[in-house]
Amino acid sequence: EKAGVSMGFLFGVFGPPSRSWKVRRGCRTPLLAVPLVLLAVPVSLSAIMLAAAARAAARTAALPTAWGVASLPATRSLRRSTPGYARRVAMAAGNEAEIRAELQGMRAREIKQKLEALGVDAADAFEKSELVERLVRAQLDGVQAPSQEAPTDSTANEKAADSGAPSPDIVERCRAMRVQELRTELGSRGIRWADAVDKDELVERLASVMATEASFSSSGRLRPGAVSKLNGAELTIELDHGTTPLLLDVYATWCGPCQMMAPHLEAAAKSLGNRVRVAKVDSDEEPAWATKLRVGGLPTIILFDKNGQEVTRQEGALMEQQLVSMVSRYL
């Protein structure tokens, strides 16, 4: 109330306030707000910086967050976009192209030999394209050939003595055969041929086997670990030019004990391997030889030494172990 009286007194003495003063009094509120705004800006910036620091500390101390997981694809994309990564990819592509160009000029057999040298299994690959793919992958992955100890002179000599090199006549005879004939000959000898990728490999396998047979059997009819039937002329060759003892079974197709002993003779031949030649002669087809050998009963088992001289005989069917024991004492 006193204030109202005072203001009325002042207005009565000096008159009403001027319009400019009223305008200035109306502008006081916006002018007072300016310092408040200037104070709020630093405070807001400080709060934002503190929140960012808190998030960074949380990411450092805690487990990977959703941001970290989401950033992995971006990281891979950045890595792929780097010059070093692109250069490495280009070098790998260039190497692959060079390797493929080199392999296209090679034969399937040579590619397979390279895979075997690197220790890569290629038994189930029958097409050249499959062999090329496997060798390309192996070389790009840096597969190294397994280290092998150099064979001693004695070991090399033993291997050379055991396996004779095929003669040109045998190789030419094998080359004259068709692929189906080569496969049939190998199959009849129990030798795998399905993994052979071309005819040359089939020829090489059969020629090697035939060379071994030629060194084992003078007539070429006998094979190590197997029983073969001979005629009179072939039996003469085997007795006159033998390198190992000869176990001969004189039999007849109508003889029951002969048929019963047949599987035991096959098993004995496998056990004896290349130490003994095992053969059989049909007494009905070769009666002259049955008389010459003085065969009185069937079957008759006769053992000859490498010079073709009889050392022992046994009449009647024998089991596998009996046959092996009969021969072993003269080896």
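Please read these numbers as outputs of a predicted model, since none were measured by experiment.

What counts, and where the lines are drawn
- Along each chain, residues carry numbers from 1 onward, in the same order as the chain's sequence is written.
- Predicted model: local features are reported for residues with pLDDT of at least 70 only, side-chain atom pairs are reported and counted for 80 or more only, and whole-chain, interface and lining totals are derived from all residues.
- Remark: hydrogens and water are excluded; side-chain values derive from all non-hydrogen atoms of the structure.
- Helix numbering and strand numbering both begin at the N terminus, where a helix is a DSSP run of H or I of at least 4 residues and a strand a DSSP run of E of at least 2.
- For a helix, the expected span equals 1.5 Å multiplied by the residue count minus one.
- The bend at a residue is defined as the angle formed between two axes, one fitted to the seven residues ending at that residue and one fitted to the seven starting there.
- With a 1.4 Å probe rolled over the protein chains alone, any residue whose accessible area is under 20% of its type maximum counts as buried; one over 50% counts as exposed, and the rest are partly exposed.
- Only heavy atoms matter for contacts: two residues are in contact if any of them lie within 4.5 Å across the pair.
- A pocket here means an open set of points on a 1 Å grid, computed over the protein atoms alone, that has protein on both sides within 12 Å along at least five of seven lines. A cavity is instead a set of points where a 1.4 Å probe fits but cannot get out; residues with an atom within 4 Å of a point line either one.
- Grid points are joined across faces, edges and corners, and a volume is the space filled by probe spheres set on the points.
- The nonpolar class holds Ala, Val, Leu, Ile, Met, Phe, Trp, Tyr, Cys and Pro. Asp, Glu, Lys and Arg form the charged class, and all remaining residues, Gly among them, are polar.
- Here the nonpolar core consists of buried residues drawn from Ala, Val, Leu, Ile, Met, Phe, Trp, Tyr and Cys, with membership extended through side-chain atoms lying within 4.5 Å.
- Directions pointing from the helix axis toward each C-beta atom define the arc.
- Pairs of N or O atoms are called polar contacts if they sit within 3.5 Å, as long as, within protein, a hydrogen donor faces a hydrogen acceptor (for residues adjacent in sequence, only side-chain-to-side-chain pairs).
- Two strands pair under a simple rule: DSSP has to find at least two bridges between them.
- Between N-to-C directions, angles cover 0 to 180 degrees, with each direction set by a line fitted to C-alpha atoms, over the stretch in contact for helices.
- Handedness of a helix crossing follows the sense of rotation of the near helix relative to the far helix, less than a right angle counterclockwise being left-handed and clockwise being right-handed.

Right, let's get into helix α13 (residues 256-272). With 17 residues, α13 should reach 24 Å at 1.5 Å per residue; the first-to-last C-alpha distance of 25 Å fits that figure. The largest bend in α13 amounts to roughly 35° and is located at A262, with the proline P263 lying one to four residues further along. All buried positions along α13 are accounted for by C258, M261, L265, A268, A269 and L272. Where α13 is buried, its residues contact β1 (227-229), β2 (246-251), β3 (277-282), β4 (300-304) and α15 (320-328).

So, on to the layout of surface pockets. Summary: where empty space remains is shown by rolling a probe the size of a single water molecule over the atoms. In this structure, the second largest pocket encloses a volume near 150 Å³. Taken together, T236, L239, D240, W289, K292, L293, R294, F304, G308, E310 and R313 form the lining of the second largest pocket. Among the secondary structure elements, those contributing two or more residues to the lining of the second largest pocket are α12 (232-240), α14 (287-292) and β5 (310-315). Of all the elements, α12 adds the most residues to the lining of the second largest pocket, at 3 residues. Taken together, the residues of the lining of the second largest pocket sort by class into 4 nonpolar, 2 polar and 5 charged.

A few words now on the nonpolar core. Grouped together as the largest cluster of nonpolar side chains are 16 residues, with contacts concentrated most on L247, V278 and I301. Looking at this core, the element that brings in the most residues is α13, giving 5 residues. Here I301 is in contact with L247, L248, D249, M261, T312, R313, Q314, L318, L323 and M326, once residues within four sequence places are set aside. Within the second largest apolar cluster, 15 residues are counted, among which are L103, A125, V136 and V197.

Summarising the element assignment, W289 is placed in helix α14. Separated by 57 residues in sequence, W289 and G232 place their C-alpha atoms 7.0 Å apart. Every residue in contact with W289, bar those within four places of it in the chain, is listed here: G232, L235, T236 and L239.

By secondary structure assignment, the location of N231 is in the loop between β1 and α12. Put simply, N231 and E285 are 54 residues apart on the chain and 8.1 Å apart in space, counted from C-alpha to C-alpha.

Moving on: α12. Residues of α12 that are buried: G232, E234, L235, E238 and L239. Around the axis of α12, the buried residues are gathered within 160° of arc, so they sit on the same side. α12 presents A233 and D240 as exposed residues on the side facing more than 90 degrees away from its buried surface. Turning to α12, the residues buried within the fold contact β1, β2, β3, α14 and β4. The distance from a side-chain oxygen at the start of α12 to the backbone nitrogen of A233 is 3.2 Å, and the residue carrying that oxygen is N231.

Before going further, it helps to examine the sheet that holds β1. Read from one edge of the open sheet, 5 strands run β1-β3-β2-β4-β5, paired in mixed fashion. Edge strands, defined here as strands with exactly one partner in the open sheet, are β1 and β5. With direction set aside, neighbouring strand axes in the sheet form an average angle of 25°. Two strands pair when backbone bridges link them, and β4 and β5 are joined in this way by 5 bridges, in the antiparallel orientation. Its bridge partner being in β5, L303 is matched across the sheet by T312. α12 rests against β1, β2, β3 and β4 of the sheet, and its axis sits at about 155° to β2.

Two elements in contact, helix α6 (residues 108-118) and helix α7 (residues 128-140), have axes whose closest approach is 10 Å; the angle formed by their N-to-C orientations is 35°. Considering only the axes of α6 and α7, their crossing is left-handed. Residues A108, I111, K112, K114, L115 and L118 of α6 pack against K128, L131, V132, R134, L135 and A138 of α7. Class assignment for the residues of the contact of α6 with α7 results in 8 nonpolar, no polar and 4 charged.

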